[in-house]
Amino acid sequence: MAQVDAVAETNVLHGRRIIEAIRASGVSFIPCLPDIHTSEGLLRPLTSEPGFKLIRVCKEDEGIGICAALSYCDKRALLLMQYSGLLDSINALRIVGVEYGLPICMMAGLLNKEPGVPPRQSKHYSLRIVEPILEAMGVAHHVIETDADVGKIQPAIEKAYVQSRPVALLIGGSPLP
Amino acid sequence: MTMRRDEALRVLARHVGDDIVVPVFTTAFDWIAIRKHPLNYIMVGAMGLGSSHALGLALGRPDKRVIVLDGDGSLLMNLGSLVTIGDAAPKNLVHFVVENGTYEANGSHPIPGRGRVDFPELAMAAGYRAAAAFSDLAAFDKDVAAFLAQPGPVFATLQVEPGPSPDFDYGHMHGPAVRQAFKAALQASR
């Protein structure tokens with residue numbers, strides 16, 4: 001049975017594991033916009049998790065400002081959205097995250113990404129451009145495809161706050177609860 | 001009737017102690033000349049985000065009053081933030097919009113809906129607890145203390161004409177010194 005679980009972990013992503021990693025990162029505020037890619041596996045469970053304050057924003061770049069301000073208060077935040085919202089927030093991320101050098105931590109669902117296919121090899125133009133844009137901006141990024149990648153989350157958030165730099169965590173697999 | 005922006009800000013400054021103040025763009029340059037204090041948060045970056053930064057500060061430091069001095073053009077770029085703030089409902093947030101009907105920092109072109117948009121009505125519809133409009137300096141001077149004493153989020157427009165042109169020092173606004181000074185002052189204010 002343990003062997004089956006181990007195999008399963010290499011192919012699926014569980015929202016509860018992501019939530020554990022977010023909690024372990026010291027994050028307490030979650031500005032968010034729903035994303036069908038992460039809706040049931042991640043955002044909905046987060047709504048009933050103690051210790052997190054969800055801030056439902058109308059547009060994703062609001063979350064960039066909110067995260068920035070919270071960082072001055074020594075409060076950790078994670079902006080949860082879809083990658084389209086990340087693309088829509090580029091200018092705010094450019095000045096507030098990159099030019100001001102602030103720890104803007106983002107988690108963006110890669111809706112419609114093909115399982116197991118790296119984003120830049122997706123058949124979807126909109127997904128292929130995400131990582132190159134982040135690289136052009138000098139924004140650190142990590143793809144979280146399966147449970148095996150969840151271990152990247154806490155160190156990435158920790159590094160963002162230690163170095164005061166933004167980071168994007170790109171949710172490739174659609175998380176199960 | 002309108003007020004001069006710098007005169008309205010001088011009236012407000014008399015009522016601002018160790019509050020965090022988030023002034024944006026042209027108002028920011030007027031404000032930092034009037035109220036020299038490290039808890040001025042002028043580094044909002046992109047136009048329109050002032051109210052969102054203010055929300056983050058209000059939630060992150062519920063022990064401090066946060067006053068945002070937004071612009072009408074700026075708020076139009078982030079109008080949804082009214083709803084976000086109304087939903088989050090921080091009691092320590094005061095939202096002023098310095099309303100001059102123009103994008104003053106970008107050539108003073110008119111904002112869309114100039115003279116027709118009712119910002120206080122929008123704020124009330126979005127869930128703010130109270131909203132007001134001030135266009136007379138004497139009335140603002142008389143009523144501002146009571147306005148600020150209400151639990152937030154509260155909203156008011158300051159209907160102004162430009163005063164003397166401030167010193168547009170964008171290097172200072174976006175430079176690291178103000179960010180470092182703000183962070184140190186905020187940490188020291190616990």
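Read on for an overview of the structure. This structure is a prediction, so every number in the text was calculated from the model and none was measured.

What counts and how
Residues numbered from 1 in each chain as written. Chains lettered and ligands numbered in written order. Predicted model: local features only at pLDDT ≥ 70, side-chain atom pairs only at ≥ 80, totals over all residues. Heavy atoms only, no water. Salt bridge = Lys/Arg side-chain N within 4 Å of Asp/Glu carboxyl O. Helix = DSSP H or I, 4+ residues; strand = E, 2+ residues; numbered from the N terminus. Buried < 20%, exposed > 50% of the residue type's maximum accessible area, 1.4 Å probe, protein only. Contact = heavy atoms within 4.5 Å. Buried area = accessible area lost by both parts, 1.4 Å probe. Polar contact = N/O pair within 3.5 Å; in protein donor to acceptor, adjacent residues only side chain to side chain. Pairing = 2+ DSSP bridges.

### Considering the pattern of salt bridges
All names here are of chain A. In total, this model carries 21 salt bridges over all chains according to the counting rule given. A salt bridge links Lys113 to Glu145, with the shortest nitrogen-to-oxygen separation between them at 3.0 Å. On the criterion of sequence distance, the pair formed by Lys113 in the loop between strand S5 (105-109) and helix H7 (125-128) and Glu145 in the loop between strand S6 (140-144) and helix H9 (153-163) is long-range, its members being 32 residues apart. Judged by its relative accessible area of 15%, Glu145 falls in the buried class. Three or more residues are tied together by salt bridges with common partners; here these are Lys59, Asp61 and Asp88.

### Topic: the interface of chain B and chain A
With 28 residues of chain B in contact, the opposing surface of chain A contributes 24 residues. Both sides together, the interface formed by chain B and chain A hides about 2000 Å², and carbon and sulfur atoms give 63% of it. It is Leu59(B), Thr84(B) and Arg179(B) in chain B that bury the most area against chain A; as a group they hold 23% of the surface buried on that side. The tally of links from chain B across to chain A stands at 2 salt bridges. Between Arg190(B) and Asp74(A) there is a salt bridge, and its shortest N-O distance comes to 3.5 Å. Applying the counting criterion to the chain B and chain A interface returns 9 residue pairs in polar contact (both at pLDDT 80 or more). Considering every element that reaches the side of chain B that touches chain A, the biggest residue donor is helix H3 (residues 50-60) of chain B, with 7 residues.

### Examining the pairing of strand S4 (residues 93-99) of chain B
Residues and elements named next belong to chain B. In terms of burial, S4 is a largely internal element, 7 of the 7 residues being buried. Side chains Leu93, His95, Val97 and Glu99 of S4 all project onto a buried face; the interleaved residues Val94, Phe96 and Val98 project onto the opposite face, where all are buried too. Pairing between S4 and strand S8 (residues 154-161): 6 bridges, direction parallel. Following the sheet pairing, Val94 is matched in S8 by Val154.

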